[in-house]
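# A closer look at the structure
Each chain, letter by letter, is given below.
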Amino acid sequence: MKKTNVTAIVGVQYGDEGKGRIVDYFAQDADIVIRYQGGDNAGHTVINDKGKFALHILPSGIFNPDTMNIVGAGTVVNFNTMHEELENIRKISKMPIENVFIDSRAHLIMPYHQDLDGAEEAKRDSSQKIGTTKRGIGPCYTDKASRSGLRAGDLLDEEFLEKRLSMLLPRKNRELEYYGLKTYELKDLLALCAKWKEEFGSFIIDTVPVVREAVESNKKVLLEGQLGIMRDNDWGIYPYTTSSNPTVAGAANGSAVPAWAIQKVIGVAKAYSTSVGGGPYMTELFDETATKLREIGGEYGATTGRPRRCGWFDAVAADYACYMNGVTDLALTKMDVLDTFEKILVCTGYQIDGQYYSYLPETNLQERAKPIYKEFDGWMEDTSKCEKWEDLPEKAKEYVLELEKMLNTKISYISVGPKREQLIVR
Ligand code: GDP
Ligand code: IMO
Ligand code: MG
């Protein structure tokens, strides 16, 4: 097999693992960064010499002016929020940020998608709430799957757009009426699309030729995942999932890079775990340990500000994630958050209805699973200034090496703080 220089960076927990900061680090010398799925439901925090940013739809390679950033074919795009995000980042970073392109196949998040997201969630009974980010992600992907979507490239052909929206809108309006929501006029939506075309039209391209050239000439390409496997629509805690595939298979689907060419996969995991939104979360803590993790870890959503549910590292779920993604290297983030914990637990199996499980069961069983833990002594030292593996306290190294053994995957990167340089490369 021909060697490539393509790396996928994927979340191997419930999202918010620190993907953004890892992509930002590797993007320092990347030729292309491609966000391959999801939309502005993402909140990817990046802290570097340009400032502190929460990226929602923009790829985390935008701070390198020599990197081409692509919002890939597998994404769903809200151009209103992309506009705001760009303005905000330009203001803080004092950089022009002109290196962002959108694949013409990316789907458009229309205002009615956002309205429907909120309304559908409100109709779900309390035990079945997904806790979506209300960005219109689910309704937009629903339209994509039912062949009723609009794509970025449609903005460029006004005649086609008008014909297509005239056909689609009556049905959308009926859905909105069902939920008691206000309906849309064709002319208003066409005016909005014209505005989007004016601002973004020249950045909407067919990305296949440029990505193909990069892959075939061994250029450095990064594929940036949104969310994590536990909320993957096929392999996560369905129905409490997002409507796309954060796993590496989604990267092949949504980025114009063929599956065989993704030869390095960095799985990003926190040294503990968090989850925002509904659904089972087997290692969730409800006591003061959860509060301590949340406060020290700053565990509040980068997009919605919601407090994140917090718990211990689940090695069984992470092992599943490593297998499903073909993870070649792990990046273990937020080690420093555990610096003041005397005891650290790691889930090594589950008890469900009196039976022992050594592997990750399906969603329904997860609801009843009781984690079985292995206990580690904490290192009780500040790791935030550690620059290399040797600097880490012995007990912190032991923790990393034990996780490595459990997951049978090398932990090649360890972060000890949110800044770009607070990353230990082993
Ligand atoms: P993403 O969605 O996977 O990119 O992750 P988020 O940005 O939503 O959440 C990660 C949070 O942890 C952000 O607030 C980061 O600034 C922060 N963070 C990332 N790595 C570290 C680390 O090693 N230590 C600490 N203390 N914070 C970190
Ligand atoms: P990043 O990329 C954490 C969660 C929501 C909800 C479910 C579906 O920053 O890791 P959606 O709006 O996608 O329909 O919501 O998924 N969720 C996230 N949780 N980080 C994210 O993104 C998330 N994006 C969606 O809370 O439970
Ligand atoms: Mg996030």
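For the structure, check the block above.
A few points on the structure.

Conventions adopted
- Residues numbered from 1 in each chain as written.
- Chains lettered and ligands numbered in written order.
- Predicted model: local features only at pLDDT ≥ 70, side-chain atom pairs only at ≥ 80, totals over all residues.
- Heavy atoms only, no water.
- Donors = N, O, S within 2.8 Å, 3.2 Å for Na, K, Ca; no water.
- Helix = DSSP H or I, 4+ residues; strand = E, 2+ residues; numbered from the N terminus.
- Buried < 20%, exposed > 50% of the residue type's maximum accessible area, 1.4 Å probe, protein only.
- Near = heavy atom within 4 Å.
- Polar contact = N/O pair within 3.5 Å; in protein donor to acceptor, adjacent residues only side chain to side chain.
- Areas by Shrake-Rupley, 256 points an atom, 1.4 Å probe, with all protein chains shown as cover.
- Pairing = 2+ DSSP bridges.
- 1 Å grid on protein atoms, 1.4 Å probe; cavity = no way out; pocket = protein on both sides within 12 Å on 5 of 7 lines; lining within 4 Å.
- Points joined across faces, edges and corners; volume = space filled by probe spheres on them.
- Nonpolar A, V, L, I, M, F, W, Y, C, P; charged D, E, K, R; others polar.
- Lys, Arg positive; Asp, Glu negative; His and termini not counted.
- Salt bridge = Lys/Arg side-chain N within 4 Å of Asp/Glu carboxyl O.
- Contact = heavy atoms within 4.5 Å.
- Core = buried A, V, L, I, M, F, W, Y, C linked by side-chain atoms within 4.5 Å.
- Axes fitted to C-alpha atoms, helices over the stretch in contact; angles between N-to-C directions.
- Parallel < 35°, antiparallel > 145°, perpendicular 65-115°, else oblique.
- Left-handed = near helix turned anticlockwise from the far one by under 90°.

Bringing the coordination of the magnesium ion (ligand 3) into the picture now. Each protein donor to the magnesium ion (ligand 3) is listed here as Asp16 (OD) and Gly43 (O); together their distances run 2.0 to 2.1 Å. On the criterion of sequence distance, the pair formed by Asp16 in the loop between strand E1 (6-11) and helix H1 (19-26) and Gly43 in the loop between strand E2 (32-35) and strand E3 (44-48) is long-range, its members being 27 residues apart. The class for Gly43 is buried, based on a relative accessible area of 12%.

Close to ligand 1 lie 17 residues; Lys19, Gly43, Thr45, Asp336 and Ser415 are nearest. Between Arg308 and ligand 1, the recorded distance is 3.1 Å, taken from a side-chain N or O atom to an oxygen atom. Compared with its free state, where it exposes 580 Å², ligand 1 has 92% of that area covered by protein. Listed by contribution, the elements that provide at least two residues to the shell around ligand 1 are H1 and E3. No other element matches the three residues that H1 contributes to the shell around ligand 1.

To continue, consider the sheet that holds strand E7 (residues 100-103). A sheet is described by the order of its strands in space; here 10 strands give the open sequence E9-E7-E5-E2-E10-E1-E11-E15-E19-E20, paired in mixed fashion. The open sheet has two edge strands with one neighbour each: strand E9 (204-205) and strand E20 (423-425). As paired strands, E1 and strand E10 (residues 221-228) are joined by five bridges and run parallel to one another. Looking at E10, one finds that Val6 is bridged to Val221.

It is worth spelling out empty space enclosed by the protein at this point. Inspection of every chain in the model, using the stated rule, returns one cavity of 30 Å³ or more. Roughly 50 Å³ of volume is contained in the largest cavity. Along the walls of the largest cavity sit Val12, Gln13, Tyr14, Ser273, Asp314, Ala317 and Ala318, which together make up its complete lining. When its residues are assigned to classes, the lining of the largest cavity shows four nonpolar, two polar and one charged.

This part covers the side chain of Arg35. In this structure, Arg35 sits in strand E2. Glu224 provides the closest opposite charge to the buried, unpaired Arg35, separated from it by 5.5 Å. Among the polar contacts made by the side chain of Arg35, one reaches the main-chain carbonyl oxygen of Gln37 at a distance of 3.0 Å. For Arg35, the residues in contact, after removing those within four places along its chain, are Ala42, His44, His56, Ile57, Pro59, Ile70, Val71, Gly72, Thr75, Glu224 and Gln226.

This next bit is on the site of ligand 2. As a structural note, the neighbourhood of ligand 2 is formed by 20 residues, with Lys19, His44, Ile130, Thr133 and Thr242 the closest of them. Leu227 is positioned such that a nitrogen or oxygen atom in its backbone is 2.9 Å from an oxygen atom of ligand 2. The separation between an oxygen atom of ligand 2 and a polar side-chain atom of Arg306 is 2.9 Å. Considered on its own, ligand 2 offers 550 Å² of accessible surface; in the complex 98% of this is hidden by protein. Its residues assigned to classes, the shell around ligand 2 comprises five nonpolar, 11 polar and four charged.

Moving on, we come to the environment of Thr7. Within the secondary structure, Thr7 sits in strand E1. Given a relative accessible area of 10%, Thr7 falls into the buried group. Taking C-alpha positions, Thr7 is 8.8 Å from Glu224, a pair spaced 217 residues apart along the chain. Leaving out residues up to four positions away in the same chain, Thr7 has contacts with Val221, Leu222, Leu223, Lys264 and Ile266.

Now for the nonpolar core. Ranked by internal contacts, the top residues of the largest apolar core, which has 73 residues, are Leu223, Val257, Phe313, Met335, Leu338, Tyr350 and Tyr399. In terms of residue count, the dominant contributor to this core is helix H10 (residues 315-325) (seven residues). Counting residues in hydrophobic clusters, the runner-up holds 38 residues, among them Met82, Val100, Ala152 and Trp196.

Our focus in this paragraph is the packing of helix H5 (residues 158-178) against helix H6 (residues 186-200). One can describe the packing of H5 onto H6 by two numbers: an axis separation of 11 Å at closest approach and a directional angle of 140°. Our classification of the angle between H5 and H6 gives oblique. Every pair of crossing elements has a handedness; the one defined by H5 and H6 is right-handed. Counted together, Glu158, Leu161, Glu162, Leu165, Ser166 and Leu169 of H5 and Leu186, Leu189, Leu190, Cys193 and Lys197 of H6 form the full contact between these two elements.

Direction vectors running N to C along helix H2 (residues 79-93) and H6 enclose 40°, while the axes themselves pass 10 Å from each other. Between H2 and H6, the angle is such that the two are oblique. Read as a crossing pair, H2 and H6 show a hand that is left-handed. Residues Phe79, Asn80, Met82, His83 and Leu86 of H2 form the contact with H6, whose participating residues are Leu192, Lys195, Trp196, Glu199 and Phe200. Of the residues that constitute the contact of H2 with H6, the class distribution is six nonpolar, two polar and two charged.

A few words now on the environment of Trp196. Relative to the elements of secondary structure, Trp196 occurs in helix H6. We classify Trp196 as buried; its relative accessible area is 2%. Taking the C-alpha atoms as reference, Trp196 lies 34 Å from Val265; in sequence the two are 69 residues apart. In this view, Trp196 contacts Phe79, Asn80, Leu108, Ile109, Met110, Leu155 and Gly201; residues no more than four positions away in its chain are not counted.

Moving on to the pattern of salt bridges. Here the structure, examined in full by the defined rule, presents 30 salt bridges. Of the charged contacts, one joins Asp143 and Lys172 as a salt bridge, the two residues approaching to 2.9 Å between their closest N and O atoms. Residue Asp143 is located in helix H4 (residues 137-145), and its partner Lys172 is located in helix H5; the two are separated by 29 residues in the primary sequence. Note that Glu216 is salt-bridged to Arg212, the shortest N-O span being 3.0 Å. Highlighted residues: Glu216 and Arg212, both in helix H7 (residues 208-216), separated by four residues, approximately one helical turn. Each of Asp16, Lys270, Glu299, Arg308 and Lys334 takes part in one network of salt bridges that share partners.

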